[in-house]
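Inside the fold
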Amino acid sequence: MATQQSNGSNPVKKAGASVTMEHVLLALGESKEERGQRIRALFNFFDVNNSGYLDYAKIEAGLSSLNIPSEYKYARDLLNVCDSNQDGRVEYQEFRRYMDDKELELYRIFQAIDVEHNGGILPEELYHALVKAGIEIDDEELATFVERVDKDNNGVITFEEWRDFLLLYPHEATMENIYHYLERVCLVDIGEQAAIPEGISKHVHANRYLIAGGVAGATSRTATAPLDRLKVVLQVQTTRAHIMPAIRDIWRDGGFSGFFRGNGLNVVKVAPESAIRFYTYERLKKLIAKVKGDEEKTNIGASGRLFAGGLAGAVAQTAIYPMDLVKTRLQTYVCEGGKVPKIGAMSRDILVQEGPRAFYRGLVPSLLGIIPYAGIDLAAYESFKEMSKKYILHDSEPGPLVQLGCGTFSGALGATCVYPLQVVRTRMQAQRMNTEGAYTGMSDVFKRTFKSEGLRGFYKGLFPNLLKVVPSASITYMVYEAMKKSLELE
């Protein structure tokens, strides 16, 4: 792929200036004709039988001839991103368009890393770019990175070297993606005895991402707390439930602050619940991929994502369940003289009067609900995102609106599917164990609810619950992105 050596200049001196193909040609020291010849030669390298097009088999064979083992190559992804008309073949003009877009993209990130604007990336510049992206590496790993890309071993990465390293990488060239790619390439080069870092999770500033996610989740839950309180109040009503009378009762009981009762606990449990859920989900995806013999976590399939998401949700729910029960008790507590009990006092009363097992009352329907909900939510989100990339965005990365739409649909779908189990759980949580007429178990709730309220009884509060989905997803996303910028995670 290499042609002439770069002349070491950076034609775009001002950071953030727009990049054109003229800048790329100047950085490479190429003319338009020379660049055209290079791209045609690369196309012919893959098109071994001179048929005039590339297909999956040719791309796979070409990548294999570059000594990239099958588990680390991106033949299918490269085909999809080049094949603009989705006919399974890549004509030369489609290949040329990919090369144009990719070289412009690579030059933009090269320019962003090259803060000295001298036409080369120094090791310290690369280190600062990785750290800014939330990736911590030691000196040995940095030296490995530079050595792998710097083909003439002069300690400086030219744009030509940068381009040759990443030209056939079909995904977006972010620092995190580039680091993932480097891990795989280094593992290929130096084999089983390599001291390769375990993955991005080891190096990312995990505490910063946890803070960003925690603040986003807390803001979102606080903004939608009135809808959550209304949902719970409706769920526990065994008579015919109506939204407006329920709203008036909440206002009469506690005024404006009554709509936020229990939100403190809801906010407190955000960080541990989210951290446990997504950490477990990523670990399970890695385990499933390993069992299936596929190093790519993204290739575990819909069933694998469903299993990993469901089990991760169950682990997280079990860990924070006592807080969830106390929150429900607070939200359904009938005030005497407008006085709401303190969290500590209510927790002690539950422990003394009902015993420690009471904190897990309703856990079974909760787990039966959270497993399919988390599974459907996460699996549907990733599936919707992949479908949008393939059929709407044509292999471009989804933007904020697409991600929000995917999250909205997946959340609404998961919530609706398991809502009857949520009603059963809430009713068990809200009722004291040692009172007359208390539910004896999950089956008792099902029987009595169906007998007295019919099927509609299992969907009380569904409307305000679904109303939460869009604002909750929107607020979470906006605050999370703002926090990432504040914490310099981008």
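Residues numbered from 1 in each chain as written. Predicted model: local features only at pLDDT ≥ 70, side-chain atom pairs only at ≥ 80, totals over all residues. Heavy atoms only, no water.

1. Some points on the packing of aromatic side chains
Enumeration over the complete set of coordinates arrives at 14 aromatic pairs. Where Phe43 meets Tyr92, the ring centres are 5.5 Å apart and the plane angle is 85°; that geometry is what we call edge-to-face. Taken together, the residues span a long stretch of sequence, with Phe43 in helix α2 (residues 32-46) and Tyr92 in helix α5 (residues 92-113) at a distance of 49 residues. Across the pair, Tyr92 and Phe43 agree in class, each one buried. Ring geometry for Phe384 and Phe409: centres 6.4 Å apart, planes at 70°, overall edge-to-face. Linking Phe384 in helix α18 (residues 363-392) with Phe409 in helix α19 (residues 400-430), this pair joins segments that are 25 residues apart in sequence. Pairwise contacts between aromatic rings join Tyr107, Phe110, Phe159 and Trp162 into one cluster. (Phe/Tyr/Trp six-rings, centres within 6.5 Å; stacked < 30°, edge-to-face > 60°. Helix = DSSP H or I, 4+ residues; strand = E, 2+ residues; numbered from the N terminus. Buried < 20%, exposed > 50% of the residue type's maximum accessible area, 1.4 Å probe, protein only.)

2. Describing the layout of surface pockets
Leftover empty space is mapped by rolling, across the atoms, a probe with the size of a water molecule. Of the volumes computed, that of the second largest pocket is approximately 490 Å³. Forming the walls of the second largest pocket are 21 residues, and the residues nearest its centre are Arg329, Gln331, Thr332, Tyr333 and Val334. No other element matches helix α13 (residues 243-254), which puts five residues into the lining of the second largest pocket. Here the lining of the second largest pocket is built from residues that sort into ten nonpolar, four polar and seven charged. (1 Å grid on protein atoms, 1.4 Å probe; cavity = no way out; pocket = protein on both sides within 12 Å on 5 of 7 lines; lining within 4 Å. Points joined across faces, edges and corners; volume = space filled by probe spheres on them. Nonpolar A, V, L, I, M, F, W, Y, C, P; charged D, E, K, R; others polar.)

3. Section: the nonpolar core
Residues Leu126, Leu130, Phe145, Phe159, Trp162, Met175 and Ile178 are the most contacted members of the largest nonpolar core, which totals 34 residues. Counting residues per element, this core draws most heavily on α5, which supplies six residues. Apart from the residues within four sequence positions on either side, Met175 is in contact with Ile109, Ile113, Leu126, Ala129, Leu130, Ala133 and Ile135. If you look at the next biggest cluster of nonpolar residues, it comprises 18 residues, including Phe46, Leu63, Tyr98 and Met99. (Core = buried A, V, L, I, M, F, W, Y, C linked by side-chain atoms within 4.5 Å. Contact = heavy atoms within 4.5 Å.)

4. Here's the deal with the packing of helix α6 (residues 123-132) against helix α7 (residues 139-149)
Where α6 meets α7, the axes come as close as 10 Å, and the angle between the chain directions of the two elements is 115°. Between α6 and α7 lies a crossing whose hand is right-handed. Counted together, Pro123, Leu126, Tyr127 and Leu130 of α6 and Leu142, Phe145 and Val146 of α7 form the full contact between these two elements. When its residues are assigned to classes, the contact of α6 with α7 shows seven nonpolar, no polar and no charged. (Axes fitted to C-alpha atoms, helices over the stretch in contact; angles between N-to-C directions. Left-handed = near helix turned anticlockwise from the far one by under 90°.)

5. As for helix α15 (residues 270-291)
A rise of 1.5 Å per residue sets the reference length of α15, with its 22 residues, at 32 Å; its end C-alpha atoms lie 31 Å apart and thus fit the reference within 8%. All buried positions along α15 are accounted for by Val270, Glu273, Arg277, Thr280, Tyr281, Leu284, Lys285, Ile288 and Ala289. The arc enclosing the buried residues of α15, seen along the axis, measures out at 165°, which places them on a common side. In α15, the exposed positions that point more than 90 degrees away from the buried face belong to Tyr279 and Lys290. (Expected span 1.5 Å × (residues − 1). Arc of directions from axis to C-beta.)

6. Quick look at the environment of Leu122
Within the fold, Leu122 resides in the loop between β3 (120-121) and α6. Judged by relative accessible area, Leu122 falls into the partly exposed class, the value being 24%.

7. What about the pattern of salt bridges?
Pairs can form between side chains of opposite charge whenever their charged atoms are close. Across all of its chains, the model carries 23 salt bridges by this definition. Across the pair Arg448 and Asp444 runs a salt bridge, and its minimum N-O distance is 3.0 Å. One end of the pair is Arg448 and the other is Asp444, both in helix α20 (residues 442-453) and four residues apart, which spans about a single turn. The structure contains a network of salt bridges with shared partners spanning Asp228, Lys231, Lys269, Asp324, Lys327, Arg425 and Lys468. (Salt bridge = Lys/Arg side-chain N within 4 Å of Asp/Glu carboxyl O.)

8. What about α7?
Among the residues of α7, Glu141, Leu142, Phe145, Val146 and Val149 are the ones counted as buried. In an axial view of α7, the angular spread of the buried residues amounts to 135°, which keeps them on one side of the axis. Of the exposed residues in α7, the ones pointing more than 90 degrees away from its buried face are Asp139, Glu140 and Glu147.

9. Let's talk about the confidence of the model for the chain
Confidence in the prediction of the chain, expressed as mean pLDDT, is 79, and 83% of residues score 70 or more. Looking over the chain, one finds the lowest element-wise mean pLDDT in helix α10 (residues 200-203), namely 37, and the highest in strand β2 (residues 90-91), namely 94. Counting contacts from residues 1-16, a segment whose pLDDT is below 50, to residues more than four positions away or on other chains yields 52 contacts. (pLDDT = per-residue confidence, 0-100.)

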